[in-house]
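# Geometric and topological summary
So you can see what is in the structure, the chains are spelled out below.
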Amino acid sequence: MKVFYSEAHRDHYPPFEVFDGGLRVPYLENPDRMDQILNALGGVDWADVIEPADYGLDPIHAVHDKEYIDFLASCWTEWLATAAKDKSTLLPATFALRRNPQKPKSLLGRAGYYIMDLSACIVEGTYRAALVSANCALSAAEAVTNGERSAFGLCRPPGHHAGKDYAGGYCFINNASVAANLLSSKGKVALLDVDYHCGNGTQDIFYHREDVLTISIHADPDFEYPHYAGFAQEKGSGRGYGFHHNFPLPAGTEDVAYLKTLENALALIRKFNPKYLVVSAGMDIYADDPLGTIKVSTNGISEIGKRIASLGLPTVIVMEGGYNNDALGRNIVAFLGELK
Ligand code: SP5
Ligand code: ZN
């Protein structure tokens, strides 16, 4: 299996993030995650790690607002020019309510407009890392259009919380959505998100579209991040109504219940009959994940891979979350091993 990966992510390493209650903690979405995965992929004989190609900004602008991408491109330089005391990371403290939002000109005003929380911290290397991460997903998509049965975008930073015009939850550019949109020019696409958290950004990007079926299985937003999206009654809008599905799960969900929900999601994909499948592969559903409350085992993760493979669709797998670094390599190998 082709695995698209670049070292560019290393320069995106914010010094901290802020948890609920204002707790400053080391940035959980850290470069070591990639080392653990690369190390595990080095131990199998089917993973071929390749540099991504550069697709430029067009496929990114096709799903994201241009002014938002411009903000990502210039905000670090602007941040360094401010009088802030601690410039180690750009992180606003006031966030826009998206009701009747006025677009401010100031850097911190725009930061609060374009960032939804305190875990999408920006440093010097963030923009480039986010672009290259999207290129990994695009390269995997291109590989699949060229006849590969599957390909893996080993993306960092992850993407599924990034919406049309906002960053959040460690995500800046929605890699899986950029890839799905590229594929959608060749036929119908289904995007299945199995990250522990609701793929709110993906939901935002495709909510009005009927040519890309989006499905997210995740911890119930009634108690879990991202809190304001991911409920079962959100089903798409306009022509896109019926082409988005959320499957919120209770804390403590184990393999059997998870797999039952997965079967319901897979039935919707079979009925939709897409040409391509994109999987947002977050490993934070793992039982011992520090951010998660869902209790899927490594065997369960392998079974999820097997059942997704049973769709028989050309599949682009895109890395999302997963924060138990000790288990991350093993879990990714368990998952990809069924999809190779
Ligand atoms: C890609 C991805 O998995 N992003 C997740 C971002 C979640 N950020 C949530 C921060 C809230 C932290 N709550 C801490 C609970 C620790 N037990
Ligand atoms: Zn997650």
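Since we're looking at a predicted model, the values are computed, not measured. (Residues numbered from 1 in each chain as written. Chains lettered and ligands numbered in written order. Predicted model: local features only at pLDDT ≥ 70, side-chain atom pairs only at ≥ 80, totals over all residues. Heavy atoms only, no water.)

### A look at the packing of helix 5 (residues 126-145) against helix 6 (residues 175-183)
Defined as follows: Fitted lines through C-alpha atoms serve as axes, helices being fitted only where they are in contact, and the angles separating the N-to-C directions of these axes extend from 0 to 180 degrees. Counting from the N terminus, the helices are DSSP H or I runs at least four residues long and the strands are E runs at least two residues long. It is the rotation of the near helix from the far one that decides the hand of a crossing: anticlockwise by less than a right angle makes it left-handed, clockwise makes it right-handed. Contacts were defined at the residue level, with two residues in contact if any of their heavy atoms lie within 4.5 Å. Each residue is assigned to one class: nonpolar for Ala, Val, Leu, Ile, Met, Phe, Trp, Tyr, Cys and Pro, charged for Asp, Glu, Lys and Arg, and polar for all the others, Gly among them.
Contact geometry of helix 5 with helix 6 gives a least axis separation of 8 Å together with a crossing angle of 35 degrees. As for the relative orientation of helix 5 and helix 6, their crossing is right-handed in sense. Contacts from Ala-130, Ser-133, Ala-134, Ala-137, Leu-138, Ala-141 and Thr-145 in helix 5 reach Asn-175, Val-178, Ala-179, Leu-182 and Leu-183 in helix 6. Considering only residue class, the contact of helix 5 with helix 6 consists of nine nonpolar, three polar and no charged.

### Section: the nonpolar core
Our working definition: Residues grouped as a nonpolar core are buried Ala, Val, Leu, Ile, Met, Phe, Trp, Tyr and Cys residues, joined through side-chain atoms within 4.5 Å. Buried, partly exposed and exposed residues are distinguished by accessible area as a fraction of the type maximum, computed with a 1.4 Å probe on protein chains only: under 20%, between the cut-offs, and over 50%, respectively.
Core analysis: the biggest nonpolar cluster contains 104 residues, and Phe-71, Leu-192, Ile-269, Met-319 and Phe-335 have the highest contact counts within it. Take this core: its biggest share by element is 11 residues, from helix 5.

### Considering unusual backbone geometry
The linkage connecting Arg-156 with the following residue, Pro-157, adopts the cis geometry, with an omega of 0 degrees. The phi dihedral of Tyr-170 falls on the positive side, at around 75 degrees, and the residue is not glycine. Secondary-structure assignment places Tyr-170 in the loop between strand 5 (150-153) and helix 6. We classify Tyr-170 as buried; its relative accessible area is 3%. Positive phi, normally seen in glycine, also occurs at Asn-273, with a value near 55 degrees. Looking at the secondary structure, you find Asn-273 in the loop between helix 8 (255-272) and strand 9 (276-281).

### A closer look at the environment of Ile-317
Mapped onto the fold, Ile-317 is located in strand 10 (residues 315-319). Overall, Ile-317 belongs to the buried group, its relative accessible area being 0%. Excluding residues within four positions of it along the chain, Ile-317 makes contact with Met-1, Ser-150, Ala-151, Phe-152, Gly-153, Val-279, Ala-281, Phe-335, Leu-336 and Leu-339.

### Some remarks on the pairing of strand 10
Note the following rule: DSSP bridges decide pairing: two strands pair if at least two such bridges lie between them.
For strand 10, a buried count of five out of five residues is recorded, marking the element as mostly surrounded by other parts of the structure. With burial as the criterion, each face of strand 10 is covered, one bearing Thr-315, Ile-317 and Met-319 and the other bearing Val-316 and Val-318. Relative to strand 10, strand 5 runs parallel, the two being bridged by four bridges. Among the inter-strand pairings, Ala-151 is bridged to a residue of strand 10, identified as Val-316.

### Considering the packing of aromatic side chains
The geometry of an aromatic ring pair is captured by two quantities: the separation of the ring centres and the angle between the planes. Stated formally: Two aromatic rings, drawn from Phe, Tyr or Trp (for Trp, its six-membered ring), form a pair once their centres lie within 6.5 Å of each other, and the interplanar angle then sorts them: stacked below 30 degrees, edge-to-face above 60, tilted otherwise.
Inspection of every chain in the model, using the stated rule, returns six aromatic pairs. Aromatic side chains Phe-71 and Tyr-114 sit 5.1 Å apart centroid to centroid with 35 degrees between the ring planes, which places their arrangement in the tilted category. Within this pair, whereas Phe-71 is found in helix 3 (residues 66-80), its partner Tyr-114 is found in helix 4 (residues 107-114), the two being separated by 43 residues in sequence. The two residues Phe-71 and Tyr-114 agree in class, both being buried. Measuring from ring centre to ring centre gives 5.0 Å for Tyr-113 and Tyr-114, while their planes differ by 90 degrees; the resulting arrangement is edge-to-face.

### Quick notes on the site of ligand 1
The test is simple: A single heavy atom is enough: if one lies within 4 Å of a molecule or strand, its residue is considered near that molecule or strand. By the criterion applied in these results, polar contacts are pairs of N or O atoms within 3.5 Å in which, for protein atoms, one can donate a hydrogen and the other can accept it, and in which residues neighboring in sequence qualify only through two side-chain atoms. For the area figures, the Shrake-Rupley method with a 1.4 Å probe applies, and any residue is considered shielded solely by the protein chains shown.
Taken together, 16 residues sit near ligand 1, with Asp-20, Gly-169, His-197, Asp-284 and Tyr-323 positioned nearest. Here an oxygen atom of ligand 1 and a side-chain polar atom of Asp-284 are 3.1 Å apart. Contacts to ligand 1 include Tyr-323, whose side-chain N or O atom sits 2.5 Å from an oxygen atom. Here ligand 1 has 510 Å² of accessible area as a free molecule, and 78% of this is covered by the chains. Among the residues forming the shell around ligand 1, the class breakdown is seven nonpolar, six polar and three charged.

### So, the coordination of the zinc ion (ligand 2)
The reference angle at a metal is 109.5 degrees if four donors form a tetrahedron and 90 or 180 degrees if six donors form an octahedron. In plain terms, the rule: Coordinating N, O and S atoms are those within 2.8 Å of the metal (3.2 Å for Na, K and Ca), and as water is not part of the atoms, a site may appear to have fewer donors than expected.
Within the first shell, the zinc ion (ligand 2) binds the protein through Asp-195 (OD), His-197 (ND1) and Asp-284 (OD), at distances of 2.0 Å. Mapped onto the polypeptide sequence, the residues donating to the zinc ion (ligand 2) form the spacing pattern D-x1-H-x86-D. With His-197 in the loop between strand 6 (189-193) and helix 7 (200-206) and Asp-284 in the loop between strand 9 and helix 9 (298-309), the pair connects residues that are 87 residues apart, well separated along the chain. For the residue pair His-197 and Asp-284, the accessibility class agrees, reading buried in each case.

### Quick word on the pairing of strand 5
Judged by which residues are buried, strand 5 turns out to be covered on both faces: Ser-150 and Phe-152 on one side and Ala-151 and Gly-153 on the other are all buried. As defined by bridge partners, strand 1 (residues 2-4) adjoins strand 5 across three bridges and the pair is classed as parallel. Within the sheet, the bridge partner assigned to Lys-2 lies in strand 5 and is Ala-151.

### Observations concerning the sheet that holds strand 1
What the eight strands build is an open sheet, ordered 4-1-5-10-9-6-7-8; its pairing is parallel. Both edges of this open sheet fall to strand 4 (48-50) and strand 8 (244-249), since each of them pairs with a single strand only. Along the sheet, successive strands turn relative to each other by an average axial angle of 15 degrees, direction set aside. Set on the sheet, helix 10 (residues 325-336) makes contact with strand 5, strand 9 and strand 10; between it and strand 10 the angle comes to about 170 degrees.

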